[in-house]
Amino acid sequence: MNTQDSMNKEKKFVSQLLTDKPSALQQSASVCREKEISSPLPELLGFAALAAATVSLASCKKDQEALFEVNNVMLYDNSADKSKLKSNEQYVSILYTNLFQTALSNNTVFELGKTLLSLGDQELAREVLISNFFNDAGVQMPTADEMNADIDAFIVETYKRFFVRLPSEAEKTWVKNFIERNAYMTPELVYFSFAMSNEYMYY
Amino acid sequence: MKRRDFIKKAALTTVGTIGIPYILPGGRLFAQTGSSSGQHVVLVMFAGGVRHQESIGMRYLDDAQVGEPYPGNIMYNLLNGTAPTQKIVYGTGQGGISPIPQILGQTLQQQGTIFSEVKAHYAGHYAGLNSILQGSSINGQGLRSRPVNPTIFEYLRRYGGYKATDVWFVGNGIDGSVPLLNYSNHPDYGIQYGANFFAPIVTFNQISQNYLGNGKVYHPENELAPMYKMKVFLDNNFSQNGATLHALGNTEEEKQSIKMFMGQMYEKTNMGTVALPPLADNGDSYAVGYACEVLKWFKPKFLTVNLSDVDQCHSNFTGYLSSLHRADHSVGHLWNYIQTQVPEMAGNTTIIAIPECGRNDEANAILDQNNWLSYDHSDANSMRIWSIMAGPTVPSNLVIGSENNPIGRVSDAMLTVADLLGVKSNVISAGFLAHDTQSFFDLL
């Protein structure tokens with residue numbers, strides 16, 4: 001008798017025992033003990049029964065499907081990736097959205113594009129435009145007290161709002177020191193600087 | 001320190017400071033001043049395609065419309081000649097029957113010199129304007145792209161050391177790539193040597209006023225200074241990443257002056273007190289009016305203003321005559337304004353007027369309200385233009401050249417400006433001039 005036949009026979013035996021006559025287990029064990037004296041076969045059968053039971057139980061488990069996921073992480077641009085110059089229309093549209101937290105109409109964007117085109121010094125034109133925007137009460141920005149209460153957070157939020165990136169530690173340190181040392185530096189002037197910066201002209 | 005030693009050292013220091021050469025952006029020591037015979041120059045690009053026959057030819061309808069034998073001069077502020085006596089359509093009122101009164105007591109021709117037969121380089125507007133400002137005849141100067149070669153503005157600022165508000169370009173609109181003409185794309189020149197520019201009919205109209213006319217006023221030291229300082233920090237950080245954005249180079253003082261000027265223009269526009277010509281009913285006259293205001297405010301060394309309303313000649317010959325008459329009226333007003341309203345420029349300003357191209361000899365098939373044929377610009381007649389100039393060093397009442405003896409090219413205008421403002425040799429050395437380009441003064 002080969003091992004496989006022996007296992008099958010034992011498996012059948014144990015299964016029958018488990019289902020039909022659970023109480024016979026004790027008797028069966030006694031029989032086995034009697035047979036131990038005369039032959040090693042019962043020991044093998046017991047082992048085989050145990051293995052068969054294990055296999056049987058294991059075969060009933062449901063397969064687990066592997067699930068691969070990624071964690072949500074906020075990504076920001078690096079300034080080095082900004083190489084395309086904004087058009088006048090893009091600039092005014094983004095600027096307005098950044099300052100007022102609402103979008104400009106297409107007609108206004110078109111008109112503003114023409115207005116900027118009619119001036120030779122574009123830097124000056126942007127400066128005048130921004131100063132006009134700041135004369136509007138609708139600009140969304142923190143107060144000076146709010147800025148000074150948590151300058152670090154203000155700087156991070158300003159970089160994210162205008163540059164769509166996080167400041168480096170060096171940038172954060174410099175801007176923080178500059179704000180702290182200049183009594184006249186308000187959120188409005190900080191926003192003004194960012195809106196006038198060269199980096200803001202690129203995307 | 002003894003008083004005598006102090007005076008001696010102070011005198012030496014003063015002399016030394018004056019004598020220390022400074023390097024111009026162009027790499028030259030000192031700005032040229034001694035060689036400039038005119039302290040201010042105004043260049044009128046009398047553009048839009050001016051047909052030789054109706055302008056300096058003084059043919060009115062006689063040459064252009066079959067069966068209308070009525071010659072005459074409709075540019076009597078610039079040219080000597082009798083105005084037409086019949087079929088008057090270029091003036092004011094119903095049908096344009098009332099000619100605009102003459103402004104100048106003496107025509108520019110009487111005050112200066114006319115080059116009556118000058119050759120254009122191109123028969124098109126934008127290439128023609130470029131040939132005036134670049135002094136070159138480069139092929140491949142595309143529309144909607146900046147000049148390929150350096151402009152007179154850049155030569156003046158780079159080699160003459162003129163500051164940004166010394167050099168102005170007043171455009172009559174923002175169409176036709178006009179706003180691109182204030183500096184070139186040339187890598188050795190460009191925006192940092194460019195001219196300040198306004199297109200007044202857009203810059204100062206009601207729409208632009210809504211966006212630019214209510215600017216917040218910031219304290220220059222307490223507010224603007226730290227704002228600029230932070231901007232410099234941000235820019236330096238960004239330039240470390242390889243990107244730089246050049247600017248026109250107006251200083252903070254110049255920027256403040258321009259802002260104040262804009263504020264005044266908004267006020268004057270709303271009050272109707274801009275120095276417009278007596279009759280101002282088209283874009284050209286408005287451009288000239290605001291150019292007068294720029295002259296009054298900045299007293300620039302060089303100002304260019306372009307006109308183009310005559311271009312309606314493609315489909316409306318009557319309108320073309322009307323615009324030609326108004327262009328003459330506007331230039332007359334400009335010259336009169338300089339002499340009477342800008343004392344710093346009166347007597348030391350040279351004016352040059354030149355079209356960028358002419359118009360065809362043969363008409364197209366389009367008839368206007370008077371059943372007169374219209375004219376395009378593409379044939380040999382379109383290359384026939386003229387130039388007129390007047391100023392303290394310009395000979396008076398002189399006519400040079402004729403139909404059979406053309407003298408001068410359109411690119412000469414630029415070199416003439418360079419000649420007057422002391423950078424002629426630099427412009428020639430730069431090597432971008434069209435072949436045979438000369439200063440008009442060298443052709444006298």
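Residues numbered from 1 in each chain as written. Chains lettered and ligands numbered in written order. Predicted model: local features only at pLDDT ≥ 70, side-chain atom pairs only at ≥ 80, totals over all residues. Heavy atoms only, no water.

### Side note on the overall build of chain B
Okay, so step 1: Looking only at helices and strands, one finds 12 helices and eight strands in chain B.
Okay, so step 2: For chain B, the proportion of its 444 residues judged to be buried stands at 55%.
Okay, so step 3: Considering only residue pairs separated by 6 or more positions, chain B has 75% of its internal contacts joining residues 24 or more positions apart.
Okay, so step 4: Per element, the accessible surface of chain B, about 17,600 Å² overall, is 52% carbon and sulfur. (Helix = DSSP H or I, 4+ residues; strand = E, 2+ residues; numbered from the N terminus. Buried < 20%, exposed > 50% of the residue type's maximum accessible area, 1.4 Å probe, protein only. Contact = heavy atoms within 4.5 Å. Areas by Shrake-Rupley, 256 points an atom, 1.4 Å probe, with all protein chains shown as cover.)

### Re the overall build of chain A
Okay, so step 1: Counting its regular elements, chain A contains 10 helices and zero strands.
Okay, so step 2: Going from the N terminus to the C terminus, chain A shows its helices and strands as α-α-α-α-α-α-α-α-α-α.
Okay, so step 3: Sorting the 203 residues of chain A into buried and exposed places 39% on the buried side.
Okay, so step 4: Pairs at least 24 residues apart make up 70% of the contacts formed inside chain A by residues separated by at least 6 positions.
Okay, so step 5: Working note: accessible area of chain A is about 12,500 Å², and carbon and sulfur atoms make up 54% of it.

### Brief notes about the interface of chain B and chain A
Interfaces are frequently sized by the accessible area removed from exposure as the parts join.
Okay, so step 1: The interface of chain B with chain A comprises 42 residues on the first partner and 47 residues on the second.
Okay, so step 2: Summed over both sides, the interface of chain B with chain A buries roughly 4,200 Å², with 65% coming from carbon and sulfur.
Okay, so step 3: Joining chain B to chain A, the criterion identifies four salt bridges.
Okay, so step 4: Linking E123 of chain A and K231 of chain B is a salt bridge whose minimum nitrogen-to-oxygen distance equals 3.6 Å.
Okay, so step 5: The interface formed by chain B and chain A contains 22 residue pairs in polar contact (both at pLDDT 80 or more).
Okay, so step 6: For the side of chain B that touches chain A, the leading source of residues is helix α7 (residues 220-239) of chain B, giving 13 residues.
Okay, so step 7: Of the residues assigned to the side of chain B that touches chain A, the class counts are 23 nonpolar, 12 polar and seven charged. (Buried area = accessible area lost by both parts, 1.4 Å probe. Salt bridge = Lys/Arg side-chain N within 4 Å of Asp/Glu carboxyl O. Polar contact = N/O pair within 3.5 Å; in protein donor to acceptor, adjacent residues only side chain to side chain. Nonpolar A, V, L, I, M, F, W, Y, C, P; charged D, E, K, R; others polar.)

### Brief notes about the sheet that holds strand β2 (residues 113-119) of chain B
All names here are of chain B.
Okay, so step 1: The strand order across the open sheet built from eight strands is β4-β3-β5-β1-β6-β7-β2-β8, with neighbouring strands paired in mixed fashion. Of all strands in the sheet, those with a lone pairing partner are β4 (196-198) and β8 (398-400), marking the two edges. When strand polarity is set aside, the average angle formed by the axes of neighbouring strands in this sheet is 15°.
Okay, so step 2: One ladder, built from three bridges, connects β2 with β8; its direction is parallel. Note on β8: the bridge partner recorded for I114 is V399.
Okay, so step 3: Lying on the sheet, helix α11 (residues 412-420) is in contact with β1 (40-46), β5 (302-307), β6 (349-354) and β7 (384-390); it crosses β6 at an angle near 175°. (Pairing = 2+ DSSP bridges. Axes fitted to C-alpha atoms, helices over the stretch in contact; angles between N-to-C directions.)

### Re the nonpolar core
Okay, so step 1: Counting 111 residues, the largest nonpolar core has I179 of chain A together with V44, F46, L321 and L334 of chain B as the members making the most contacts within it.
Okay, so step 2: Among the elements that take part in this core, helix α10 (residues 317-341) of chain B stands out by supplying 10 residues, more than any other.
Okay, so step 3: The residues touching F46 of chain B, leaving out its near neighbours within four places in the chain, are M75, L78, L307, L324, A327, D328, V331, A353, I354, P355, E356 and W386 of chain B.
Okay, so step 4: The next biggest cluster of nonpolar side chains, apart from the first, holds 49 residues, and it includes I132, A195, I352 and L420 of chain B. (Core = buried A, V, L, I, M, F, W, Y, C linked by side-chain atoms within 4.5 Å.)

### Remarks on the pairing of β1 of chain B
Residues and elements named next belong to chain B.
Okay, so step 1: Burial analysis of β1 places seven of its seven residues in the buried class, the great majority of the element.
Okay, so step 2: Where burial is concerned, the two faces of β1 agree: the one with H40, V42, V44 and F46 and the one with V41, L43 and M45 are both buried.
Okay, so step 3: In the sheet, β1 pairs with β5 via six bridges, with the strands oriented parallel. By the bridge assignment for β5, M45 is matched with N306.

### Description of the confidence of the model for chain B
Low-pLDDT portions of the prediction should not be read for the details of their coordinates.
All names here are of chain B.
Okay, so step 1: Averaged over all residues, the pLDDT of chain B is 91; the fraction at 70 or higher stands at 91%.
Okay, so step 2: Segment residues 10-23 is flagged for pLDDT under 50; beyond a separation of four residues in sequence, or across chains, it makes 10 contacts in the model.
Okay, so step 3: Overall, residues 26-35 carries pLDDT values under 50, and its contacts beyond four positions in sequence, including any with other chains, amount to 24 contacts. (pLDDT = per-residue confidence, 0-100.)

### Here we look at helix α3 (residues 125-134) of chain B
Residues and elements named next belong to chain B.
Okay, so step 1: Extensive coverage of α3 is indicated by the burial of nine of its 10 residues.
Okay, so step 2: Within the sequence span of α3, burial applies to Y126, A127, G128, L129, N130, S131, I132, L133 and Q134.
Okay, so step 3: Those residues of α3 that are buried are in contact with β1, α4 (152-160), β5, β6 and α11.
Okay, so step 4: Remark: G135 follows α3 within two positions and exhibits a positive phi of approximately 70°.

### Observations regarding the packing of aromatic side chains
All names here are of chain B.
Okay, so step 1: Taken as a whole and assessed by the stated rule, the structure comprises 40 aromatic pairs over all chains.
Okay, so step 2: Taking the centre distance of 5.6 Å and the plane angle of 75° together, the rings of Y155 and Y189 count as edge-to-face. One end of the pair, Y155, is in helix α4; the other, Y189, is in the loop between β3 (167-170) and β4, with 34 residues separating them in the sequence. Exposure class is identical for Y155 and Y189. Each is buried. (Phe/Tyr/Trp six-rings, centres within 6.5 Å; stacked < 30°, edge-to-face > 60°.)

### Focus on the packing of helix α10 (residues 187-196) of chain A against α7 of chain B
Between two packed helices, both the angle of their axes relative to each other and the distance between the axes serve to describe the pair.
Okay, so step 1: Put simply, α10 of chain A and α7 of chain B touch, their axes get as near as 8 Å, and they point 45° apart. When the axis of α10 of chain A is compared with that of α7 of chain B, the two are oblique. The interaxial crossing formed by α10 of chain A with α7 of chain B has right-handed handedness. Of α7 of chain B, the residues touching α10 of chain A (which contributes L189, V190, F192, S193, F194 and M196 of chain A) are E223, M227, M230, K231 and L234 of chain B.
Okay, so step 2: Classifying every residue of the contact of α10 of chain A with α7 of chain B by side-chain character gives eight nonpolar, one polar and two charged. (Parallel < 35°, antiparallel > 145°, perpendicular 65-115°, else oblique. Left-handed = near helix turned anticlockwise from the far one by under 90°.)

### Some points on unusual backbone geometry
Residues and elements named next belong to chain B.
Okay, so step 1: One non-glycine residue, Y60, lies in positive phi territory at about 50°.
Okay, so step 2: Turning to its location among the elements, Y60 is positioned in the loop between β1 and α2 (108-111).
Okay, so step 3: One non-glycine residue, D436, lies in the positive phi region at around 70°.
Okay, so step 4: Along the chain, D436 turns up in the segment after α12 (424-430).
Okay, so step 5: Given the relative accessible area of 47%, D436 is considered partly exposed.

### Brief notes about helix α5 (residues 106-117) of chain A
Okay, so step 1: Helix length check: α5 of chain A, at 12 residues, gives a terminal C-alpha distance of 17 Å against a target of 16 Å (1.5 Å per residue), a fit within 8%.
Okay, so step 2: Three or more residues of α5 of chain A are buried, namely T108, V109, E111, L112, G113, T115 and L116 of chain A. (Expected span 1.5 Å × (residues − 1).)

### Some words on the environment of C357 of chain B
All names here are of chain B.
Okay, so step 1: Along the chain, C357 turns up in the loop between β6 and β7.
Okay, so step 2: For C357 and R384, which are 27 residues apart along the polypeptide, the C-alpha to C-alpha distance reads 7.0 Å.
Okay, so step 3: C357 has contacts with G49, V50, A120, Y122, A123, G124, H125, H377, S382 and I385, leaving out every residue within four places of it along the chain.

### Points about the pairing of β5 of chain B
All names here are of chain B.
Okay, so step 1: Most of β5 is tucked away: six of the six residues are buried.
Okay, so step 2: Strand direction decides the pairing type here: β3 and β5, joined by four bridges, are parallel. Across the sheet, V167 pairs through a bridge with F302, a residue of β5.

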